[in-house]
Amino acid sequence: MKKQALISLFMLLAVAACSKNDETAATREQSTQVEQTLVKKVAPSQIKVGKDYHSLSNPEEIKVTHISLDLTVDFERKVLSGTAELEISRVNPDKKRLILDTRDLTILSVTSDGKDVPFTLMEPDPHLGTGLLIVVPKKARKITVAYETSPDASGVQWLTPQQTAGKQHPFLFTQAQAIHARSFIPLQDTPKARVTYDAIIRTPKELLAVMSAANDPDTERDGVYEFTMPQPIPSYLIALAVGDLQFKAMGERTGVYAEASWLERAAKEFEDTENMLIETEKRYGEYSWGRYDLLILPPSFPFGGMENPRLSFITPTVIAGDKSLVALIAHELAHSWSGNTITNATWRDLWLNEGFTTYLTYRIMEFIYGTDRYNMELVLGAQDLAADIASLPEKDQILAIDLRGRDADDVFSNIPYEKGALFLRELENKIGRENFDAFLLGYFEHFAFQSITTEQFIAYLDETLLAQYPEQLDKERIMQWIFQPGIPEGAPGASSDAFAIVDEARNAWLQGELRAGDIDTANWNYHQWKYFVDNLPEMTIEQMSELDAAFNFTGHQNNEIAHSWLLHAIHNDYKVAWDRLYEYLTSIGRNKLVKPLYKALSETAEGKAFAKKAFDVAKAGYHPLTVKANEGYVQ
Ligand code: BES
Ligand code: ZN
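A few points on the structure. (Residues numbered from 1 in each chain as written. Chains lettered and ligands numbered in written order. Predicted model: local features only at pLDDT ≥ 70, side-chain atom pairs only at ≥ 80, totals over all residues. Heavy atoms only, no water.)

A few points about the overall build of the protein
Defined as follows: Runs of H or I in DSSP of at least four residues are treated as helices and runs of E of at least two as strands, each being numbered from the N terminus. A radius of gyration in this sense is built from C-alpha atoms; the matching globule rule multiplies 2.2 Å by the number of residues raised to 0.38. Note on definitions: a residue-residue contact is assigned when non-hydrogen atoms from the two residues lie within 4.5 Å. Per-residue and other accessible areas were derived by the Shrake-Rupley procedure at a 1.4 Å probe size, with only the shown protein chains allowed to occlude residues. His residues and chain termini do not enter the charge count, which takes Lys and Arg as positive and Asp and Glu as negative. To locate a charge, the coordinates of NZ of Lys, CZ of Arg, CG of Asp or CD of Glu are taken.
A count of helices and strands for the protein gives 20 helices and 21 strands. On C-alpha atoms alone, the protein measures out to a radius of gyration of 25 Å, which is about the 26 Å that the 2.2 N^0.38 rule sets for 635 residues. For the C-alpha atoms alone, the extent of the protein along its principal axes is close to 80 × 65 × 60 Å. The long-range share in the protein, meaning contacts at least 24 apart out of those at least 6 apart in sequence, stands at 72%. Accessible area for the protein stands at about 26300 Å²; split by element, carbon and sulfur atoms hold 51% of it. Between the mean site of the 63 positive side-chain charges and the mean site of the 89 negative ones, the protein shows a separation of 7 Å.

Structure (structure tokens):
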């Protein structure tokens, strides 16, 4: 009883403290009275704007400004070990305690100027990891942490030679977004605190290390590799990969790193990267990062792509042979403007990062491949968004999502991506494309190398577009887009003539007017096929067989189309495709492609038993994030 009362009192105090802070943040960051009323009406009042609920660190007191890593890669023990030297700047000179984020790290020592510094590991939090509390000596400018990672680090995947394409050498890669950098570096793991970094990485001699930093394609392969990242970046963009990698140039500033057997295919598939870079620069300002290279990872890479600066990490599952899936490259490249130069201050603000990037992705696809492709990509994106709006609870349909007490990864859905992009497309439609491009150019320059909140963006809109185009734009509607669930009525639509042909053919077949083999598909492109399969209704085994006989969907080599087909195979109990399903689940670790399949399988007892069989075999090769995302479906 007493304890209960104490807890309530504590919570009351905490809430009071929060709302007090909220007021100061609001007055600081929001300009007008009207705006504050609007925010109050639509946003939960206790959110402390700009507070990162997914970091234990305290950059507003003592800020780490630069990290120097010296790490040895031990493939035998699956451990990175060495030191992180952190340069600090005292924002508040009265504060002595530096708190770093860590997860599953073994801290061997903390020193400054060669002398031991006292430290404590705090109580671990299941979402956030373990705070490393360091009492910083008075005059210290640098703190050195000697540490080792765990073989189970959430942000590192260690692959055996068997799990690589070449089968001769092991492979390692990191994936820090959203909050996994702390599992391989003790640091302030929050996007709002940017750092520059340098690194020495020691590897077995025959392997090459690459990082999200300046990489020299002609570096001597001697097992000691040095890197510098001179621009300040958020912690989630620190990345490392080590493997038997080769390099091939694609253009003056672009190239690809991959295992030998992927190299030529990848360079061909992604040969338009240099043009994408050039066309994007024309509209949105100079590329800030020097080179732009791609790293092709083994198929267990849990994402499609990751925008690690100067070196995007890319799944091999998009090497389709016909450039059909290269929107992914446009996307990761676009992050060089929206995301890497302007980042979300906290994970609540992710839509500023992924929404702008998704908007730019569509635009880049149009620059390079034309309007038909643009329209098709838009329709497919709109369908993804509609599916999420139909299935997500209202609180998760809000761009500025409330993530307090939740896993940071819960923010990733089509909402920040596609709803964010749709909002921008509405602004574009209302003020005209040229004007909107000019706005984006100004926005990218204004906030370059900063991490910003939704509220800072709104304040900037107030000063720019809302002031310039009072007739066309409406503040209340903008607030609705950002703080309300669903899609505002009258939002931009999408349509494609190429898809109208597909709809016609599908309907004629479904109504028995046409045999599958008689559909005139000779000129269909990937997008039409994808749209055809995605929009098939529930079917009988006979219908599935007829399609399969005509189009060999079960044997389809495009991973996206195979994915869509296999979902139908599960829902329609089309067992013919289950061998292929097994092969798919055990050879691909990209979560977006496998998770919906596991989920669908888990809905029947028989499916679940099959899923468990595949998962048990695949698990050893999956990334820890893919394991975590799917293990619930097979239990
Ligand atoms: N930054 C993301 C990758 C990511 C997502 C990392 C979630 C951590 C958590 C990247 O830019 C991305 O969005 N990749 C997409 C592809 C894109 C074309 C939508 C992906 O991986 O599927
Ligand atoms: Zn992205």
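From this point on, the discussion continues.
Some thoughts on the site of ligand 1
Where we set the bar: The cutoff for a nearby residue is simple: one of its non-hydrogen atoms must lie within 4 Å of the molecule or strand. N or O atoms within 3.5 Å of each other form a polar contact, as long as, within protein, one can give a hydrogen and the other can take it, and as long as residues adjacent in sequence are counted only when both atoms are side-chain atoms. Charged means Asp, Glu, Lys or Arg here, nonpolar means Ala, Val, Leu, Ile, Met, Phe, Trp, Tyr, Cys or Pro, and polar covers whatever is left, Gly included.
Taken together, 15 residues lie around ligand 1, and Q177, G304, E307, E332 and Y417 are the ones closest in. In this structure, an oxygen atom belonging to ligand 1 sits 3.1 Å away from a side-chain N or O atom of H331. Protein contact buries 85% of the 510 Å² of open area that ligand 1 shows by itself. Going through the elements one at a time, β18 (305–306) and α5 (327–334) are the ones with two or more residues in the shell around ligand 1. Among the elements that make up the shell around ligand 1, the one with the highest residue count is α5 (three residues). In terms of residue class, the shell around ligand 1 is built from five nonpolar, six polar and four charged.

Concerning the pattern of salt bridges
Heads up, the condition is: Any Lys or Arg side-chain nitrogen found within 4 Å of a carboxyl oxygen on Asp or Glu counts as a salt bridge.
As enumerated under the stated definition, the model contains 39 salt bridges in all. Here E560 and K592 are joined by a salt bridge, their closest N and O atoms 3.3 Å apart. Of this pair, E560 sits in helix α16 (residues 559–571) while K592 sits in helix α18 (residues 591–601), and the two are 32 residues apart along the sequence. One network of salt bridges, in which partners are shared, links K530, D534, E560, R590 and K592.

Describing the side chain of D396
How we decide: Only protein chains enter the accessibility calculation, which uses a 1.4 Å probe; a residue is then buried when its area is under 20% of its type maximum, exposed when over 50%, and partly exposed in between.
Within the element layout of this structure, D396 appears in the loop between α7 (371–391) and α8 (414–431). Among the residues examined, D396 registers a relative accessible area of 9% and is labelled buried.

Overview of the sheet that holds strand β15 (residues 245–249)
Selection rule: Strands qualify as paired when DSSP identifies two bridges or more between them. Each axis is a line fitted through C-alpha atoms, taken for helices only over the stretch in contact, and angles between the N-to-C directions span 0 to 180 degrees.
One open sheet accounts for five strands, arranged β15-β16-β17-β19-β18; its pairing is mixed. Since the sheet does not close on itself, it has two edges, and those belong to β15 and β18, each with one partner. Packed on one face of the sheet, helix α3 (residues 260–269) meets β15, β16 (254–259) and β17 (292–296) and runs near 150 degrees to β16.

Here we look at helix α13 (residues 497–510)
Definition in use: To estimate the expected span of a helix, count its residues, drop one, and scale the result by 1.5 Å.
Given a rise of 1.5 Å per residue, 14 residues ought to cover 20 Å, and the 20 Å separating the end C-alpha atoms of α13 matches this to within 8%. Structurally, α13 contributes buried residues whose contacts are with α7, α14 (526–534) and α15 (541–551). One side-chain oxygen of the residue at the start of α13 lies 3.2 Å from the amide nitrogen of A498, identifying that residue as S496. Directly beyond the C-terminal end of α13, a positive phi value near 75 degrees is found at G512.

Section: the coordination of the zinc ion (ligand 2)
Stated formally: Each metal site lists N, O and S donors within 2.8 Å (3.2 Å for Na, K and Ca). With water left out of the atoms, a site can look as if it is missing ligands. Geometry assignment treats four donors as tetrahedral when all angles are between 85 and 135 degrees, treats four as square planar and six as octahedral when opposite donors are over 155 degrees apart and all others between 65 and 115, and treats everything else as irregular.
Protein coordination at the zinc ion (ligand 2): the donors are H331 (NE2), H335 (NE2), E354 (OE) and E354 (OE), at 2.0 to 2.7 Å from the metal. Geometry at the zinc ion (ligand 2) is irregular, judged from its six donor atoms and the angles of 54 to 160 degrees they form at the metal. In the primary sequence, the donor residues of the zinc ion (ligand 2) line up as H-x3-H-x18-E. Taken together, the residues span a long stretch of sequence, with H335 in the loop between α5 and β20 (342–344) and E354 in helix α6 (residues 350–369) at a distance of 19 residues. Summarising the burial analysis for this pair, H335 and E354 share the class buried.

Observations regarding the sheet that holds strand β12 (residues 208–211)
The strand order β9-β10-β14-β12 describes an open sheet built from four strands, whose pairing is antiparallel. Looking along the sheet, the strands with just one partner apiece sit at the ends: β9 (156–159) and β12. Each neighbouring strand pair of the sheet contributes to a mean axis angle of 10 degrees, computed without reference to strand direction. In this sheet, strand β14 (residues 240–243) lies alongside strand β10 (residues 171–174) in antiparallel orientation, the contact comprising two bridges. Counterpart to L172 in the pairing with β14 is V242.

With respect to the nonpolar core
Quick note on the threshold: In these notes, a set of buried Ala, Val, Leu, Ile, Met, Phe, Trp, Tyr and Cys residues joined through side-chain atoms within 4.5 Å is what counts as a nonpolar core.
Ranked by internal contacts, the top residues of the largest apolar core, which has 193 residues, are F270, Y443 and Y598. With 10 residues, α6 is the largest single contributor of residues to this core. Those residues in contact with Y598 that sit more than four places away from it in its chain are L585, A611, A614, F615, A618, Y622, N630, Y633 and V634.

Notes on the pairing of strand β8 (residues 142–148)
It is a general feature of regular strands that their side chains alternate between the two faces of the sheet. Burial within β8 is extensive, with six of its seven residues counted as buried. Direction of pairing for strand β4 (residues 106–112) relative to β8: antiparallel, over a ladder of five bridges. By the bridge assignment for β8, S109 is matched with A146.

Focus: the packing of aromatic side chains
Heads up, the rule is: The rule is short: rings of Phe, Tyr and Trp, with Trp giving its six-membered ring, pair when the centres are within 6.5 Å, and they are stacked under 30 degrees, edge-to-face over 60, tilted in between. We call a charge positioned over a ring when the NZ of a Lys or the CZ of an Arg lies within 6 Å of the ring centre and within 35 degrees of the ring normal.
Inspection of the entire model under this criterion finds 40 aromatic pairs. Centre to centre, the rings of Y443 and F457 are 5.7 Å apart; their planes meet at 80 degrees, and the pair counts as edge-to-face. With Y443 in helix α9 (residues 433–446) and F457 in helix α10 (residues 454–463), this residue pair connects regions lying 14 residues apart in the sequence. We classify F457 as buried; its relative accessible area is 0%. Its guanidinium or amino end placed over the ring of Y53, K51 lies 5.2 Å from that ring's centre, counting from NZ or CZ.

Things to note about the packing of helix α4 (residues 273–284) against α5
Spelled out, the test is: For this classification, under 35 degrees means roughly parallel, over 145 means roughly antiparallel, 65 to 115 means roughly perpendicular, and everything else is oblique. For any pair of crossing helices, the crossing counts as left-handed if the nearer helix is rotated counterclockwise from the farther one by less than a right angle, and right-handed if it is rotated clockwise.
Between α4 and α5, the least distance of the axes is 10 Å, while the angle of their chain directions is 45 degrees. On the basis of the axis angle, α4 is oblique to α5. The element α4 and its partner α5 pack so that their crossing is right-handed. Across from T273, M276, L277 and T280 in α4, the residues of α5 making contact are I329, A330 and L333.

Some details on the environment of E87
Structurally, E87 is set in strand β2 (residues 79–90). The partly exposed category is assigned to E87, whose relative accessible area is 29%. It is 9.1 Å that separates the C-alpha atoms of E87 and A140, two residues lying 53 residues apart in sequence. Excluding residues within four positions of it along the chain, E87 makes contact with K63, V64, T65, H66, R141 and K142.

Functional significance is not addressed by these values, which are geometric in nature.
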